[in-house]
Amino acid sequence: MIKYILRRTFYSVWVIFGVLLLTFSLFNVASGDPAAAVLGKNAKPADVEALRREIGSDLPLFYGEYCQTSAFTEVTEKSDTTLTLPRIIDTENVVAVITHADGGETVIEIADDASAVTIEATADDPVMSCRFFRKQSDPWNSQFFRTIKELVIIKSEFPYISFFNFGQTLMSREPVKDVLARGIGPSLSLMLPIFAGEIFFGIVLALLAVAFAGQTVDRLLLLAAVITMSMSYLVTIIFGQWFFGYYLNILPVWGYGGINNYILPVMIGIFSGIGNNLRFFRTVFVDELRKEYLRTAWAKGANGFRVYSRHLLRNAMVQIITKISAGLPFLFTGSLLLESFFGIPGLGFAGMQALYDSDIQLLKALVLLSALLFVVINLLTDIAYAWADKRIKLE
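Cut-offs applied
Residues numbered from 1 in each chain as written. Predicted model: local features only at pLDDT ≥ 70, side-chain atom pairs only at ≥ 80, totals over all residues. Heavy atoms only, no water. Salt bridge = Lys/Arg side-chain N within 4 Å of Asp/Glu carboxyl O. Helix = DSSP H or I, 4+ residues; strand = E, 2+ residues; numbered from the N terminus. Buried < 20%, exposed > 50% of the residue type's maximum accessible area, 1.4 Å probe, protein only. Expected span 1.5 Å × (residues − 1). Arc of directions from axis to C-beta. Contact = heavy atoms within 4.5 Å. Polar contact = N/O pair within 3.5 Å; in protein donor to acceptor, adjacent residues only side chain to side chain. Pairing = 2+ DSSP bridges. Axes fitted to C-alpha atoms, helices over the stretch in contact; angles between N-to-C directions. Phe/Tyr/Trp six-rings, centres within 6.5 Å; stacked < 30°, edge-to-face > 60°. Lys NZ or Arg CZ within 6 Å of the ring centre and 35° of its normal. Core = buried A, V, L, I, M, F, W, Y, C linked by side-chain atoms within 4.5 Å. Parallel < 35°, antiparallel > 145°, perpendicular 65-115°, else oblique. Left-handed = near helix turned anticlockwise from the far one by under 90°.

Draft legend 1. View of the pattern of salt bridges. This model, assessed by the stated rule, comprises six salt bridges. Arginine 173 is the partner of glutamate 54 in a salt bridge, and the nearest nitrogen-oxygen pair spans 2.4 Å. In this pair, glutamate 54 sits in helix α3 (residues 45-55) while arginine 173 sits in the loop between β8 (161-163) and α5 (176-211), placing the two residues 119 residues apart along the sequence. On the basis of relative accessibility, which here comes to 31%, the residue glutamate 54 falls in the partly exposed class.

Structure representation (structure tokens):
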């Protein structure tokens, strides 16, 4: 088993690397300039430049000597007259990259004390664009390697290794680690009872449907399952808040701290997820009932409780573990809609707020946290398979 765990851990590293690469492509390549999005159109160039340096969005993507800078006014349109571009930000090691009409480029180093730069252009040799960059000493100092360091970094002093070094959130300027640590508790407080209720009631109702397979009880349970699965999660939340919070006025619809604040969101969460679990477990149990060992148990005179509890559930444990493992990561990351509509400050609420605020640092941390949880839980699930069914060998 040790060899299997080590091999799976090695494979998991490559899975995490793939998720890291995909996350990098989404947040660093396709998302645009996060500094401009956070600070707005009227932000001072110096503030935008400082934020870009802080989060590393001015660095080259993978490898390069030049970093983006707004030290001087850039030229973005064709010009056939000499231009004088004033300095906007005091930045050292600035170079100008001038693009000519024939596609060629000229690189000019600018003195650190220069208050302006003159770009010569004529009708025969017009300037198509002029961009400015800051020269760095280490070309490997790039956005991609910075993203890897944000996930894990090896240090020379104790504790020698550090995880989730995402710095500060872009809006509240709070350490991302503190936001994650503060949000895990409320998310678990909400999602644990929902998860346990979905599994418990799903199994109980599925056993009831199997016990009356093909009869009215079975049909009514399947109808109820289809109805709950067809209802929009958002509609269920809004109706639940209106009916229990405003019409009956018996449960609070906003807040965090007391047990009463959890009753309504937990009820809505269980109601929305129980239909899927009921249909899944019923299908699993019906398949098991057709097997020889259960027919043998009935033939030996075993009562229904013994057949269902000892034989049926035990041999369906692999499928039950599979269903449980699929929902475990969401215990930590929380429910986006439930936390947002009920004001529960968990990770789901933090993720929605980060999405509204374009807080790239916090969004990256939540995405990578979810990926790590899925990888770890998948490994634990495989180990649980071997525990539940001795016929399964981890090789």
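Next comes the rest of the write-up.
Draft legend 2. Molecular detail of helix α7 (residues 233-247). In a regular helix each residue adds 1.5 Å, so 15 residues correspond to 21 Å; α7 covers 20 Å between its end C-alpha atoms and thus fits that length. Those residues of α7 that sit buried are Thr236, Ile237, Gly240, Gln241 and Gly245. Viewed along the axis of α7, the buried residues span an arc of 125°, placing them on a single side of the element. Facing away from the buried side of α7 by more than 90 degrees, the exposed set consists of Tyr246 and Tyr247. On the buried face of α7, the contacting elements are α8 (260-289) and α13 (336-342). In this structure serine 232 caps α7, since a side-chain oxygen of it lies 3.3 Å from the backbone nitrogen of leucine 234. Positive phi appears at asparagine 249, one or two residues downstream of α7, with a value of about 55°.

Draft legend 3. Expanded view of the sheet that holds strand β1 (residues 66-68). The four strands lie next to each other as β1-β6-β3-β4, forming an open sheet whose pairing is antiparallel. One side of each edge strand has no neighbouring strand; the edge strands of this open sheet are β1 and β4 (105-109). Adjacent strand axes in the sheet meet at a mean angle of 40°, parallel and antiparallel pairs treated alike. The pairing of strand β3 (residues 94-100) with β4 spans five bridges and is classified as antiparallel. Directly across from alanine 96, in β4, lies its bridge partner isoleucine 108.

Draft legend 4. Geometry of the side chain of serine 79. One can find serine 79 in the loop between β1 and β2 (83-86). A relative accessible area of 10% means that serine 79 is categorised as buried. A polar contact of 3.3 Å, which involves the side chain of serine 79, links it to the backbone oxygen of threonine 81. Excluding residues that lie within four positions of it along the chain, serine 79 makes contacts with Ala121, Pro126 and Val127.

Draft legend 5. Layout of the environment of valine 375. Turning to its location among the elements, valine 375 is positioned in helix α15 (residues 360-388). For valine 375 and threonine 9, which are 366 residues apart along the polypeptide, the C-alpha to C-alpha distance reads 8.9 Å. Sequence-distant contacts of valine 375, defined by excluding residues within four places in its chain, comprise Ser12, Val15 and Ile16.

Draft legend 6. Region of the structure containing the side chain of serine 142. The residue serine 142 is located in the loop between β6 (127-135) and α4 (143-151) in this model. Polar side-chain contacts of serine 142 include one of 2.8 Å to the backbone oxygen of phenylalanine 62. Excluding its chain neighbours within four sequence positions, the residues that come into contact with serine 142 are Leu59, Pro60, Leu61, Phe62 and Tyr63.

Draft legend 7. Representation of the packing of aromatic side chains in the model. By the definition in use, this model includes 22 aromatic pairs. Look at tryptophan 242 and phenylalanine 243: their rings are 6.2 Å apart centre to centre, the planes differ by 45°, and that puts the pair in the tilted class. Sitting over the ring of phenylalanine 280, lysine 323 keeps its end group 5.1 Å from the ring centre.

Draft legend 8. View of the nonpolar core. Ranked by internal contacts, the top residues of the largest apolar core, which has 34 residues, are Leu190, Ile203, Leu207, Phe281, Phe285, Leu338 and Phe342. Listing elements by their share of this core, those giving two or more residues are α5, α6 (216-230), α8, α10 (304-315) and α13. Among the nonpolar cores identified, the runner-up in size contains 22 residues, and Ala354, Ile360, Leu362 and Ala371 belong to it.

Draft legend 9. Summary view of the environment of serine 189. With respect to the helices and strands, the residue serine 189 is situated in helix α5. A relative accessible area of 36% means that serine 189 is categorised as partly exposed. Each C-alpha atom, one on serine 189 and one on phenylalanine 332, is 9.6 Å from the other, the two residues being 143 residues apart in sequence. At a separation of 2.9 Å, a polar atom in the side chain of serine 189 contacts the main-chain carbonyl oxygen of glycine 185.

Draft legend 10. Representation of helix α14 (residues 347-357) within the structure. For α14, the complete set of buried residues consists of Leu347, Gly348, Ala350, Gly351, Met352 and Ala354. Phi for serine 358, located one or two positions after α14, is positive at around 55°.

Draft legend 11. Highlighting the environment of glutamate 120. Considering the arrangement of structural elements, one finds glutamate 120 in the loop between β5 (116-119) and β6. Separated by 36 residues in sequence, glutamate 120 and threonine 84 have C-alpha atoms that sit 8.6 Å apart. Setting aside anything within four residues of it in sequence, one finds glutamate 120 in contact with Thr82 and Val127.

Draft legend 12. Here's a closer look at the packing of α7 against α8. Direction vectors running N to C along α7 and α8 enclose 140°, while the axes themselves pass 10 Å from each other. Overall, the two elements α7 and α8 adopt an arrangement that is oblique. α7 and α8 meet at a crossing whose hand is right-handed. Facing Tyr233, Thr236, Ile237, Gly240, Gln241 and Phe244 of α7, the residues of α8 in contact are Leu264, Met267, Ile268, Gly269, Phe271 and Ser272.

Draft legend 13. Up close: the pairing of β5. Of the two faces of β5, the one lined by Val117 and Ile119 is fully buried and the one lined by Ala116 and Thr118 carries no buried residue. Strand direction decides the pairing type here: β2 and β5, joined by four bridges, are antiparallel. Looking at the pairing, leucine 83 lines up with isoleucine 119 of β5.

These results come straight from atomic positions and should not be treated as a statement about function.
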